[in-house]
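# Inside the fold
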Amino acid sequence: MFNYTIPTNCTHVKLDIGLSYNAPHSQIWLSKEPNLFVFGFEPSPEANRKLKIPNNNRYNKSDRFIILPVALSNVKIQENMNFYQTTKDVGTSSLYKPIDKMAKNNMGFGKYNIVNIPVISLKMFFDNFPWERFDYIDYIKIDAQGSDLKILQGADYYLKERVVYVTAEADGFQYEDCEESIEKNIISFMISQ
C-alpha cells in the first residue's frame, strides 16, 4: 500500500494523525528519541505543502519520518471523499464541513475550499505494517477535527492487540454531522477495547 523503508536503527514506532502545517508532536518525539520511526498522516494538500518548507519541519527529509497524504476513517476499502480545507488555519481542515459560525471570514476557521482526497482505515495501514519486526505501536496521537472516533473504530482488532497508548480529541461540536465524536463516546469506545 505504501512504499517506505524503516531504518535498521529504529526500534519503535509512533503514529501522528493530523500533522497540521508543522508536525509539532513528531518533531518533539524525533528530537528526543533517536531510535524512533514516525508515520505521519496529513490529508490537507496545503498542510503538506507547508510541511515541506525548509525550517518549518526539520524532519521533513528525515529517514525516520514519513508523511502519508491520506485521511483516516472507518472505511472498508480506500475511498475518495470531500475534504474541507480551511483558509485561516489549515490545521482546522476536516472531512467534515465546518459549522457556519466557524466558517465565516473573520471568525473561527475562515472560509474553506473543497478538495477530493484518498481515505483509508487504520486497519488497512496495519494490514501492511511490518509486524514481524515490531510487536506493537508505542503511541497513536489523533487530532483529526471531528474524525477521531471513526479513526479509532477503523483500527479494528489492532487497537486492542497492538497499540499501547492513544490520545484522541473530542471536537464534534465544530463540524456538521460529527456529533458522535464527543468525549463520552470516545471514552466508551476505548473502554470497550
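Here's what I pulled together on the structure shown here. (Residues numbered from 1 in each chain as written. Predicted model: local features only at pLDDT ≥ 70, side-chain atom pairs only at ≥ 80, totals over all residues. Heavy atoms only, no water.)

### Here we look at the sheet that holds strand S4 (residues 71-72)
- Spatial ordering of the open sheet is given by S4-S6-S5, a layout of 3 strands whose pairing is mixed. Each edge of the open sheet is held by one strand with a lone partner, namely S4 and strand S5 (79-86).
- By the bridge criterion, 8 bridges tie S5 to strand S6 (residues 112-120) in an arrangement that is antiparallel. Looking at the pairing, Met-81 lines up with Ile-117 of S6. (Pairing = 2+ DSSP bridges. Helix = DSSP H or I, 4+ residues; strand = E, 2+ residues; numbered from the N terminus.)

### Some words on a nonpolar patch on the surface
- Together, Tyr-136, Val-164 and Tyr-165 line one region of the surface with nonpolar side chains, adding up to about 340 Å² of accessible area.
- Here Tyr-136 shows up in the loop between helix H4 (122-127) and strand S7 (137-142). (Patch = residues over 30% accessible without salt bridge, like charges linked within 9 Å, V, L, I, M, F, W, Y side chains within 5 Å. Areas by Shrake-Rupley, 256 points an atom, 1.4 Å probe, with all protein chains shown as cover. Salt bridge = Lys/Arg side-chain N within 4 Å of Asp/Glu carboxyl O.)

### A word on the packing of aromatic side chains
- Applying the stated rule across the entire model yields 15 aromatic pairs.
- The interplanar angle of 75° and the centroid separation of 4.9 Å between the aromatic rings of Phe-39 and Phe-125 together place this pair among those described as edge-to-face. Pair noted here: Phe-39 is in strand S2 (residues 36-41) and Phe-125 is in helix H4, with a separation of 86 residues, a long-range link. Per residue, the accessibility class of Phe-39 equals that of Phe-125, and both read buried.
- Positioned above the aromatic ring of Tyr-21, the side-chain terminus of Lys-50 is 5.8 Å from the ring centre. (Phe/Tyr/Trp six-rings, centres within 6.5 Å; stacked < 30°, edge-to-face > 60°. Buried < 20%, exposed > 50% of the residue type's maximum accessible area, 1.4 Å probe, protein only. Lys NZ or Arg CZ within 6 Å of the ring centre and 35° of its normal.)

### With respect to the pattern of salt bridges
- Under the counting rule described, the total for this entry stands at 4 salt bridges.
- Two residues, Arg-49 and Glu-46, come together in a salt bridge whose shortest N-O distance is 2.7 Å. Linking Arg-49 with Glu-46, this pair stays in helix H2 (residues 45-51), spanning 3 residues, or about one helical turn.
- According to the relative accessible area criterion, Arg-49 is partly exposed, its value standing at 45%.
- Residue Lys-123 pairs with Asp-127 through a salt bridge whose shortest N-O separation is 2.9 Å.

### Focus on the side chain of Arg-64
- One can find Arg-64 in the loop between H2 and strand S3 (65-68).
- A distance of 3.4 Å separates a polar atom in the side chain of Arg-64 from the backbone oxygen of Pro-34.
- Beyond its immediate stretch of four places on either side in the chain, Arg-64 contacts Pro-7, Cys-10, Leu-30, Glu-33, Pro-34, Asn-35, Leu-36, Phe-37, Val-38 and Tyr-59. (Polar contact = N/O pair within 3.5 Å; in protein donor to acceptor, adjacent residues only side chain to side chain. Contact = heavy atoms within 4.5 Å.)

### Here we look at the environment of Asn-55
- Relative to the helices and strands, Asn-55 resides in the loop between H2 and S3.
- Counting along the chain gives 33 residues from Asn-55 to Asn-22, while the straight-line C-alpha distance between them is 9.5 Å.

### A closer look at the sheet that holds strand S1 (residues 12-17)
- One open sheet holds the 5 strands; their spatial order is S3-S2-S1-S7-S8, and the pairing between them is parallel. In the strand order of this sheet, the two ends are held by S3 and strand S8 (163-167), each with one partner. Along the sheet, successive strands turn relative to each other by an average axial angle of 15°, direction set aside.
- Across 4 bridges, the pairing between S1 and S7 is parallel. Looking at the pairing, Ile-17 lines up with Ile-142 of S7. (Axes fitted to C-alpha atoms, helices over the stretch in contact; angles between N-to-C directions.)

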